[in-house]
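Given next are the chains, with one letter for each unit.
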Amino acid sequence: MSEAYSVFSFHDRLGEKVGKTLVVGFPDTGLAGAISVSYAVEKLEPEEVGYIDSSELPPILPIRRAEPKELIRIYESRNFLTIVSEIPIPPPLIRPFASDLLDWVQKKGVSGVICLTGLAEPKRLELETPAVFVVSSRPRDVEKVAKDLECEVFNEGFITGIHAEILRLGMRRGLEVVILLSQSHLNYPDPGAAAQLLNKLTKLVNEKIDVKPLLESEEMVRLQLRDLMRRTTEAMVQKSREMELPPVYR
Amino acid sequence: MSYSPWDFMRRLRRQFESEVEDLLKTIKEIESRTGCIMPLYSLVETEDEYVLTVDMPGVRKEDIDMQVFEKHIAVEAPCYMKIPSRRQGNRYRLMVELPQSINPESVRARYLQGVLEVRINKRTSKGVKINIE
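Every chain begins its residue count from 1, and numbering advances along the sequence as written. Chains and ligands are labelled sequentially in the order written, the chains with letters from A and the ligands with numbers from 1. Given that the model is predicted, a residue must reach a pLDDT of at least 70 before its local features are reported, and side-chain atom pairs must reach 80 or more before they are shown or counted; all residues, however, enter totals for whole chains, interfaces and linings.

### Considering the sheet that holds strand β5 (residues 91–97) of chain B
Residues and elements named next belong to chain B.
Argument step 1. One requirement defines pairing of two strands: DSSP has to find at least two bridges between them. Strands are runs of DSSP state E lasting at least 2 residues, helices are runs of H or I lasting at least 4, and numbering of each runs from the N terminus. The three strands lie next to each other as β3-β4-β5, forming an open sheet whose pairing is antiparallel. Two strands in the sheet have a free side with no partner beyond their single neighbour: β3 (65–68) and β5. If you compare each strand with its neighbour and ignore which way they point, the axes differ by 5 degrees on average. Inter-axis angles, ranging from 0 to 180 degrees, are taken between N-to-C directions of lines fitted to C-alpha atoms, where helices are fitted over the stretch in contact.

### Focus: the sheet that holds strand β1 (residues 40–45) of chain B
Residue and element names in this part refer to chain B.
Argument step 1. The strand order across the open sheet formed by four strands is β1-β2-β7-β6, and the pairing between neighbours is antiparallel. Of all the strands in the sheet, the pair left with one neighbour each is β1 and β6 (108–112). Looking at each pair of strands side by side, their axes are set apart by 15 degrees on average, direction ignored.

### Quick look at the interface of chain B and chain A
Argument step 1. Two residues qualify as a contact pair if the distance between their C-beta atoms, derived from the backbone, is within 7 Å. Opposite the 19 residues of chain B that make contact, chain A presents 17 residues.
Argument step 2. For the side of chain B that touches chain A, the elements supplying multiple residues, two or more each, are α1 (5–34), β1 and β7 (115–121) of chain B.
Argument step 3. Here the side of chain B that touches chain A gets seven residues from one element, more than from any other, and that element is α1(B).
Argument step 4. Taken together, the residues that form the side of chain B that touches chain A break down as 11 nonpolar, four polar and four charged. Each residue receives one of three labels: charged for Asp, Glu, Lys and Arg, nonpolar for Ala, Val, Leu, Ile, Met, Phe, Trp, Tyr, Cys and Pro, and polar for the others, Gly being one of them.

### Topic: the domain arrangement of chain B
Residue and element names in this part refer to chain B.
Argument step 1. These domain boundaries are the output of an automatic or database domain assignment. What the domain assignment lists for chain B is domain 1 (1–34) and domain 2 (36–121).
Argument step 2. Of the residues lining the interface, six residues belong to domain 1; the matching set on domain 2 comes to six residues.
Argument step 3. Each residue belonging to the side of domain 1 that touches domain 2 can be placed in one class, and the counts come to two nonpolar, two polar and two charged.

### What to know about helix α4 (residues 162–173) of chain A
All names here are of chain A.
Argument step 1. An ideal rise of 1.5 Å per residue puts 16 Å on 12 residues; α4 measures up with 16 Å between its terminal C-alpha atoms.
Argument step 2. Exposure classes come from backbone-placed C-beta atoms, where a residue is buried if 20 or more other C-beta atoms lie within 10 Å of its own, exposed if 12 or fewer do, and partly exposed in between. Residues Ile 162, His 163, Glu 165, Ile 166, Leu 167, Leu 169 and Gly 170 constitute the buried set of α4.
Argument step 3. Residues of α4 that are buried in the fold lie against α2 (94–107), β8 (112–120), β9 (132–136) and β11 (177–184).
Argument step 4. Downstream of α4 by one or two residues, Gly 174 has phi in the positive range, about 75 degrees. In this analysis, the expected span of each helix is defined as 1.5 Å times one less than the number of residues it contains.

### Notes on the pairing of β1(B)
Residues and elements named next belong to chain B.
Argument step 1. Pairing of β1 with strand β2 (residues 49–55), which is carried by six bridges, proceeds in the antiparallel orientation. The partner of Ser 42 across the bridge, within β2, is Thr 53.
Argument step 2. Once β1 ends, the chain turns through three residues before running back antiparallel as β2.

### Re the nonpolar core
Argument step 1. Formed by 84 residues in total, the largest nonpolar core has its most connected members in Ile166(A) and Leu180(A).
Argument step 2. Excluding residues within four positions of it along the chain, Ile166(A) makes contact with Ala98(A), Leu101(A), Leu102(A), Val113(A), Cys115(A) and Val177(A). A set of buried residues qualifies as a nonpolar core if it consists of Ala, Val, Leu, Ile, Met, Phe, Trp, Tyr and Cys joined through C-beta atoms within 7 Å.

### Focus: the confidence of the model for chain B
Argument step 1. Think of pLDDT as the predictor's per-residue confidence, scored from 0 to 100. The predicted model of chain B has a mean per-residue pLDDT of 84, with 89% of residues at 70 or higher.
Argument step 2. Scoring of the predicted complex yields 0.87 for pTM and 0.79 for ipTM.

### Things to note about unusual backbone geometry
All names here are of chain A.
Argument step 1. Positioned with a positive phi, Arg 65 is a non-glycine residue whose angle comes to about 45 degrees.
Argument step 2. The residue Glu 150 is not glycine, and still its phi comes out positive at about 55 degrees.
Argument step 3. Relative to the helices and strands, Glu 150 is located in the loop between α3 (139–149) and β10 (152–153).
Argument step 4. Since 10 C-beta atoms lie within 10 Å of it, Glu 150 is described here as exposed.

If you want it as C-alpha cells, here you go:
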C-alpha cells in the first residue's frame, strides 16, 4: 500500500472479498457523475453498507427524507458497489482520498472501478444528446470497451481531479479503472449528461436503469442542485488555480 | 516552535471552506430577503466578446425581462416550477456587473435548453491615426 497512514477511514459491513465492480461519480464537471450515481441508488435501492470518514472533511450532515446521512456513503446492489458523495472531495485531499480508496478496493477484492464524470463542452447548448467517451487504465482493452458501449475513445487531452487520480493509481497498481466522460455543462448541473452516462453504465454492470424519469425532472434537478454546484465550482476553481489548467478539456 | 506543512495546508483548506460557506450564506440571505431565486451564472471573456450564461430552467422565453446597461446586466423572470423549499420565491433575479463598459446595442441573447445565453461585444479601442503637420 502506498501511504504510510490513512487520512480516510472506511467503515463497511461487506464481506472479506466482494468481487464486484465499484461505481463512483464524485461531484465535478456539471455534476454529471454525481447525478448518475445518486439516481442509480434512488432507482435500484441498494443496501447502504458503509461510509467513508475523515477528520479533514467539513462538519456537514446531510438530511435526506428526515434521515441524517453520512457525507460519503457505500452501497451494495446485486451486481456492483456504489459510492455516493454529498460534497466534492476538497482539492488538497484528492491524492490521499484516491490512495485510501484504492487501498480499500484492493483489500476488498473489488474487481474494477468505473468512474462517471462530465467533460466540459463549451458548445453543450447546441447538443441534443451529449457524446460519451471512455478511457481505461488498460489502453489495450479500451477499443473493445468503446465498441461494446457504442462510445468513443478519449484520445487526447487532460483529465483532472479525483477521477484522474483514481485512474493514475489504478494504472500504477495494475487495477482496472474505466472512466466514462459525458459532454456536459461545466458550471451547471447537467442531468442530460448524467442520463447518457447511465445508458452506458447499464451495459457495463448488467443492470437496467430507466433514465426517462430523470430526463422528465431535469429542470427540477438543476434547480435543486444549485448549492452543490456552487460548492463544486469553487473547488474546481481552487484546483485549477493550483494546476493553472482549466478543470477538464480536450 | 515546530511548524508542520500539514497545518499550513489545513489552515488554507479551512479558510477556503469558510469562504465557500460565507458565499452560500450570503446567497441564501439575499434569496430570503428578496424572495427571489439567484440562478447559477457564468461570465466568460473571449478575445472580442463576453459570454454570459444564466441557468434558468422552468422559464418561458417571452417572460424573460433583460435590461442591459453600460456596466451591468439585469435579468428577471418568473419560474413556473413548483419549488419545494420555502426559502425562495418563484422568480429568478440576477444582476451581473461587467468588467468594462459595453455598448448595450451590441448585445444578443437566446434562451436554449433552460439556459439564457447573452453575447456582448467588447468595445474596441482602436488607435486613431494622426497626421503629423
